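Each chain, letter by letter, is given below.
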Amino acid sequence: VGGGKGGVGKTFLSANLAVALARQGYRVIAVDTDIEGANLHTWLGVRAPSRTLADFVAGRESNVMRLVIATPVENVGLIAATQGNLAAAHPDAHRRVELLQSLRRMPCDFVLVDCGAGAHPSTLDYFLVSDDGLLVLHPEPTSVENAYAFVRAAFYRRMQVALQKHDVRALVRDAMDQRSARGIRTPLDLLREVEQMDPEEGQRFVETMRRFRPRIVVNEVATAEDVKLGFSVSSVCRRFFGIDADYIGYLNRDAAVRESVLRRQPVFDVSPDCDAAVYLKRIARKLAEGAPLPQNPAAEAVSR
Amino acid sequence: VRPFSEQTHYEILEIAREAPPAEIERAYRIVRATYAEDSLATYSIYDAAELRAIQERIELAHRVLADAEQRAAYDASLGTAERVELALSFADDDEVSASPELKGFEELGEGGPFDGARLRRARLARGIELDRIASVTKINPTYLRFIEDDRFQELPATVYVRGFVTAYVRCLGLEPERIVPSYMERLLAARPEKPLRALAQRTR
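Conventions adopted
- Residues numbered from 1 in each chain as written.
- Chains lettered and ligands numbered in written order.
- Predicted model: local features only at pLDDT ≥ 70, side-chain atom pairs only at ≥ 80, totals over all residues.
- Heavy atoms only, no water.
- Helix = DSSP H or I, 4+ residues; strand = E, 2+ residues; numbered from the N terminus.
- Buried < 20%, exposed > 50% of the residue type's maximum accessible area, 1.4 Å probe, protein only.
- Polar contact = N/O pair within 3.5 Å; in protein donor to acceptor, adjacent residues only side chain to side chain.
- Contact = heavy atoms within 4.5 Å.
- Salt bridge = Lys/Arg side-chain N within 4 Å of Asp/Glu carboxyl O.
- 1 Å grid on protein atoms, 1.4 Å probe; cavity = no way out; pocket = protein on both sides within 12 Å on 5 of 7 lines; lining within 4 Å.
- Points joined across faces, edges and corners; volume = space filled by probe spheres on them.
- Nonpolar A, V, L, I, M, F, W, Y, C, P; charged D, E, K, R; others polar.
- pLDDT = per-residue confidence, 0-100.
- Pairing = 2+ DSSP bridges.
- Right-handed = clockwise from strand over helix to strand, strands pointing away.

Asker: Help me understand the side chain of A:Asp125 in this model?
Answerer: Residue and element names in this part refer to chain A. Take aspartate 125: it is sitting in helix α5 (residues 121-128). The exposure class of aspartate 125 is buried, given its relative accessible area of 12%. Among the polar contacts made by the side chain of aspartate 125, one reaches the side chain of arginine 96 at a distance of 3.1 Å. Residues in contact with aspartate 125, not counting those within four places in the same chain, are Arg96, Leu100 and Arg157.

Asker: Could you clarify how one ought to interpret unusual backbone geometry in this entry?
Answerer: When glycine is set aside, most residues are seen to have a negative phi, and most peptide bonds are trans. Residues and elements named next belong to chain B. Even without being a glycine, glutamate 14 presents a positive backbone phi close to 60°. As for its placement among the helices and strands, glutamate 14 is situated in the loop between α1 (9-13) and α2 (21-34). Residue classification places glutamate 14 among the partly exposed positions, given a relative accessible area of 22%. Of note in the backbone geometry, lysine 138 takes a positive phi value of approximately 65° without being a glycine. Of note, lysine 138 is situated in the loop between α6 (130-137) and α7 (141-148).

Asker: What's the story with the pattern of salt bridges in this structure? I'm lost.
Answerer: Any two side chains of opposite charge can pair if their charged atoms end up close together. Tallied over the entire structure, the rule returns 30 salt bridges over all chains. One salt bridge in this structure joins A:Arg210 and A:Glu207, with 3.0 Å as the shortest N-O distance. Pair noted here: A:Arg210 and A:Glu207 are both in helix α9 (residues 199-211), with a separation of three residues, about one helical turn. With a relative accessible area of 33%, A:Glu207 lands in the partly exposed category. A salt bridge links A:Asp275 to B:Arg120, with the nearest nitrogen and oxygen atoms 3.3 Å apart. With A:Asp275 in helix α13 (residues 275-288) and B:Arg120 in helix α5 (residues 116-125), this pair bridges two chains. When its relative accessible area of 18% is taken as the criterion, B:Arg120 is described as buried. Salt bridges here are not isolated pairs; linked through shared partners, they connect A:Asp275, B:Arg120, B:Arg121, B:Arg123, B:Glu148 and B:Asp149.

Asker: Sorry if this is basic, but what is going on with empty space enclosed by the protein here?
Answerer: Sizing a probe to match a water molecule and rolling it over the atoms shows the empty space that remains. Residues and elements named next belong to chain A. For the coordinates displayed, the defined rule picks out two cavities of 30 Å³ or more. What the second largest cavity holds in volume is close to 70 Å³. Forming the boundary of the second largest cavity are Phe127, Leu128, Ser130, Asp131, Gly133, Arg158, Arg211, Phe212, Arg213 and Pro214. Looking at the lining of the second largest cavity, its residues break down into four nonpolar, two polar and four charged.

Asker: So what exactly am I meant to see when it comes to the confidence of the model for chain A here?
Answerer: A low pLDDT score tells you not to read the predicted coordinates there in detail. Residue and element names in this part refer to chain A. With 92% of its residues at a pLDDT of 70 or more, chain A shows a mean pLDDT of 87. The element-level mean pLDDT for chain A is lowest in helix α14 (residues 297-303), coming to 45, with strand β3 (residues 76-79) highest at 97. When the criterion is pLDDT under 50, residues 297-304 qualifies, and its contacts beyond four places in sequence or with other chains add up to nine contacts.

Asker: Even after reading the chapter, I still don't get the pairing of strand β7 (residues 246-252) of chain A, so can you show me in this structure?
Answerer: The side chains of a regular strand alternate between both faces of the sheet. Residue and element names in this part refer to chain A. Taken across its seven residues, β7 has six buried, putting it largely inside the fold. With five bridges joining them, strand β6 (residues 215-221) and β7 adopt parallel strand pairing. Among the inter-strand pairings, arginine 215 is bridged to a residue of β7, identified as aspartate 246. The β-α-β motif built from β6, the intervening helix α10 (residues 224-241) and the parallel element β7 has right-handed crossover chirality.

Take a look at the structure:
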């Protein structure tokens, strides 16, 4: 769950989607990678996490699986981050790779990774490790602008990893500079150049592009126009970036959300039928489309 | 994905070859808004000249596809895909008279009573602003907001509210038969029969 800008509801969404999926019968682990502004644990009702990523960073715990702690919500585990030691907050390169690989091997049905704000390479890596990156937007210019910057940065980061030939990677690096002397403005321009330079890498480029499928969530909509913003951003992603970014859902402004954070409880427990709850359940259902059926089908009936 | 200049009219409007006329109009409105001068979605992406070029392509696509004859000729020129039976009437140009849901945002499978929040969700899922409903139905937008907020005590006499909710529901292209009684039941439970005070006040 990423999106560039701070305060658009990434952590809110991570926590409550975790709860929604758990109540549909899935086993979920929520992971807080927002090391400088960690508070996913609070949304999930955990007061002071007994183990956190800091233990992994400091080498006190080498097994990522053992970082998972229980939450008051059944079927939701948590890997928390806390503002313990900011000086050595981020894992080094070696540990980060191990963390990212472990996230893909968690013994559960869904891993929800809450990314911090901004488009720092480490944030992008947490986003890119996902199958379905959720791009969270607010219907306002600053958020939309940051979301595009985030998509662009994530896209190029992924390309750098995917492409193999040295001169082609240099070209990608060059393209990341928006004022690139070669006049490469969009990923599509870049694709043309790569194809000319090396058809095999061009093929790899297209493949990578196809697999990069962030999904858009517009949070705090107030008007029908806000609702439609998701379609517009999806259109721009396809047309300008060449990226298929489906519009998976929106949430409207809801007083119950504020109430939920004040009470440090999932919004479903504060107000089960509120707008936010209905919208979250809908997004969770879409996320679960194509996923294996929940282990515990009885829970499904409860969530409906 | 190809640049705008190489896309078909269908790709420009992001619709399928077999899209019916109403779908073309709806897609056109969304695409036009996306690439409008002051659009939230595009201002940081395209410069003025690029936007103008895109807007011209959108207008052209709409001009061709909205006209049955031109569309048929264009389809023929595209070849490959099978020919589409075109409906010849475009009477339904009013977005409010019957608005299908925006792609993929089903709402009514929810179950439970139709409260104001659910009506609002159904409205948003169809991309319809409250002001639009007010202007079509001539209902005071403040009352429409009260309906969505379940502020029963501030709404006028029951007979009026029933009319308002019916008009609102029709605007969304929904059937009032199922929805209105559900809404009114909650209103009456919260506000046992209220006399025609609003009428009395107005005629006084």
